Amino acid sequence: MASTNPSAGPQHTPLPGAGLDAARMPGHWLLARLGKRVLRPGGVELTRWMLDTAGIGPRDRVIELAAGLGATARLTLARGPAAYTAVDRDPAAVATLGALTAPGPTEVRAVRSDAADTGLPGGTATVVYGEAMLTMQPEPAKRRVVREARRLLDGTAGRYAVHELCLLPDGLDPAHAELIAADLKDALHVGARPLTPTGWSELLAAEGFTVTARRTAPMALLEPRRLVADEGLLPALRIAGRALRDPAVLRRVRQMRRVFRRHGAHLGAICLIAVPTPPEP
């Protein structure tokens, strides 16, 4: 049976980035090494809203792009879809995802592939979703991933969902947006290019989707209240304890938190649900 606890998972599978030095490791891998399993900007609450609003049920064939450590996969499998396929480029993540099971007859598999070119057959999914991955892509790559999601979906019943970092407000000065992106890159050690809420909607529209639902949440990934809500009290304490015991890791975590707080007024989390736009008559 699949656990609905986001912190649950295989205990002996190497984590992505396990061989990298803490000073150079991408921020999300560093947090994963500390034991953090919910690595989504809006936390597990926004993820649950995404799954609820997408309406995943027993008849659905679900594909998760850049599925990572499997926290959302477990929540999806608990809903008993007909099929679930996880896509990720990292072999350690694919090994973890491939070991997941469901409480019912769900067909579960994990494939090592790129979200922009999965190699999966087109038109076979009723739900495709991805979290915290489009933000890390430049504009052309964002478009390729969204285009691939459109290709994978059944055009008559498909739903596409994204859960990403966003810039606030819609009219944010482009120079300020560039400053935020530079600070995020310096702290996270990966490129981060979040869009405004309108920018995200326009990206989906340009690749053949119509947004049907939208929700935003604060970006509070490293705030104590969110940490406890996402991970549970004891796991949150263990995460904090591990960080305190490693000076290099603690410096990185503090740097990330400073950047998130510095730009707190202009950083948020967003979830969009979209359906394929009907062709013009």
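Here the structure is a predicted model, which is why all the values come from computation and not from measurement. (Residues numbered from 1 in each chain as written. Predicted model: local features only at pLDDT ≥ 70, side-chain atom pairs only at ≥ 80, totals over all residues. Heavy atoms only, no water.)

## Describing the nonpolar core
Then step 1. Core analysis: the biggest nonpolar cluster contains 32 residues, and Leu-31, Leu-184, Val-253, Met-256, Phe-260 and Leu-267 have the highest contact counts within it.
Then step 2. Secondary-structure elements contributing two or more residues to this core are helix H1 (27-34), strand S5 (159-167), helix H6 (174-188), helix H9 (233-245) and helix H10 (247-262).
Then step 3. The dominant element in this core, judged by the number of residues it contributes, is H10, at six residues.
Then step 4. Discounting chain neighbours no more than four positions away, the residues touching Met-256 are Gly-27, Leu-30, Leu-31, Ala-187, Leu-188 and Leu-222.
Then step 5. Residues Val-38, Tyr-84, Leu-100 and Ala-217 belong to the second largest nonpolar core, which totals 27 residues. (Core = buried A, V, L, I, M, F, W, Y, C linked by side-chain atoms within 4.5 Å. Buried < 20%, exposed > 50% of the residue type's maximum accessible area, 1.4 Å probe, protein only. Helix = DSSP H or I, 4+ residues; strand = E, 2+ residues; numbered from the N terminus. Contact = heavy atoms within 4.5 Å.)

## Some remarks on the confidence of the model for the protein
Where the model shows low pLDDT, its predicted coordinates should not be examined in detail.
Then step 1. Looking at the protein as a whole, the pLDDT averages 91, with 93% of positions reaching at least 70.
Then step 2. Confidence drops under pLDDT 50 across residues 1-12; counting only partners more than four residues distant or on other chains, this segment forms 27 contacts. (pLDDT = per-residue confidence, 0-100.)

## Points about helix H4 (residues 91-98)
Then step 1. For H4, the complete set of buried residues consists of Ala-92, Ala-93, Val-94, Thr-96 and Leu-97.
Then step 2. Its buried side turned inward, H4 meets helix H3 (71-77), strand S2 (83-88) and strand S3 (107-112).
Then step 3. One side-chain oxygen of the residue at the start of H4 lies 2.9 Å from the amide nitrogen of Ala-92, identifying that residue as Asp-90. (Polar contact = N/O pair within 3.5 Å; in protein donor to acceptor, adjacent residues only side chain to side chain.)

## Considerations on the pattern of salt bridges
Then step 1. In total, this model carries 16 salt bridges according to the counting rule given.
Then step 2. Residues Arg-61 and Asp-154 are paired through a salt bridge, measuring 3.9 Å at the closest nitrogen-oxygen approach. Of the two residues, Arg-61 sits in strand S1 (residues 61-65) while Asp-154 sits in the loop between helix H5 (139-152) and S5, which places them 93 residues apart along the sequence.
Then step 3. Here Arg-143 and Glu-207 are joined by a salt bridge, their closest N and O atoms 3.1 Å apart. Here the residue Arg-143 occupies a position in helix H5, and Glu-207 occupies one in the loop between helix H7 (197-206) and strand S6 (209-218), the gap between them amounting to 64 residues.
Then step 4. Beyond isolated ion pairs, a larger network of salt bridges with shared partners links Glu-139, Arg-143, Arg-147 and Glu-207. (Salt bridge = Lys/Arg side-chain N within 4 Å of Asp/Glu carboxyl O.)

## Some details on the environment of Ala-23
Then step 1. Turning to its location among the elements, Ala-23 is positioned in the segment before H1.
Then step 2. Exposure remark for Ala-23: the relative accessible area of 43% places this residue in the partly exposed category.
Then step 3. Spatially, the C-alpha atom of Ala-23 lies 9.1 Å from that of His-189, the residues being 166 residues apart in sequence.
Then step 4. When residues no more than four places from it in sequence are discounted, the contact partners of Ala-23 are His-189 and Arg-252.

## A word on H10
Then step 1. Between its first and last C-alpha, H10 extends 22 Å over 16 residues, near the 22 Å set by a 1.5 Å rise per residue.
Then step 2. Burial in H10 covers these residues: Val-249, Leu-250, Arg-252, Val-253, Gln-255, Met-256, Val-259 and Phe-260.
Then step 3. Contacts made by the buried residues of H10 are with H1, H6, H9 and strand S7 (267-276).
Then step 4. Where H10 begins, one side-chain oxygen reaches toward the backbone nitrogen of Ala-248, 3.1 Å away; that side chain belongs to Asp-246. (Expected span 1.5 Å × (residues − 1).)

## Looking at the environment of Gly-57
Then step 1. With respect to the helices and strands, the residue Gly-57 is situated in the loop between helix H2 (43-54) and S1.
Then step 2. Distance from Gly-57 to Ala-78, taken between C-alpha atoms, is 9.7 Å for residues 21 residues apart in sequence.
Then step 3. For Gly-57, the residues in contact, after removing those within four places along its chain, are Arg-79, Gly-80, Pro-81 and Ala-82.

## What about the side chain of Lys-142?
Then step 1. Mapped onto the secondary structure, Lys-142 falls in helix H5.
Then step 2. Salt bridges are absent for the buried Lys-142, whose nearest opposite-charge side chain, Glu-139, sits at 5.3 Å.
Then step 3. Side-chain polar atoms of Lys-142 contact the backbone oxygen of Leu-134, separated by 3.2 Å. (Lys, Arg positive; Asp, Glu negative; His and termini not counted.)

## A look at unusual backbone geometry
Then step 1. Look at the link from Leu-168 to Pro-169: it is a cis peptide, with omega at -5°.
Then step 2. With respect to the secondary-structure elements, Pro-169 resides in the loop between S5 and H6.
Then step 3. Phi at Ala-132 takes a positive value of approximately 55°, unusual for a residue other than glycine.
Then step 4. Tracing the backbone shows Ala-132 in the loop between strand S4 (127-131) and H5.
Then step 5. For His-189, which is not glycine, the phi dihedral falls at a positive 65°.
Then step 6. Position of His-189 among the secondary structure elements: in the loop between H6 and H7.
Then step 7. His-189 gets classed as partly exposed once you look at its relative accessible area, which sits at 31%.

## As for the side chain of Thr-196
Then step 1. For Thr-196, the position within the fold is in the loop between H6 and H7.
Then step 2. In this view, Thr-196 contacts Leu-167, Pro-169 and Asp-170; residues no more than four positions away in its chain are not counted.

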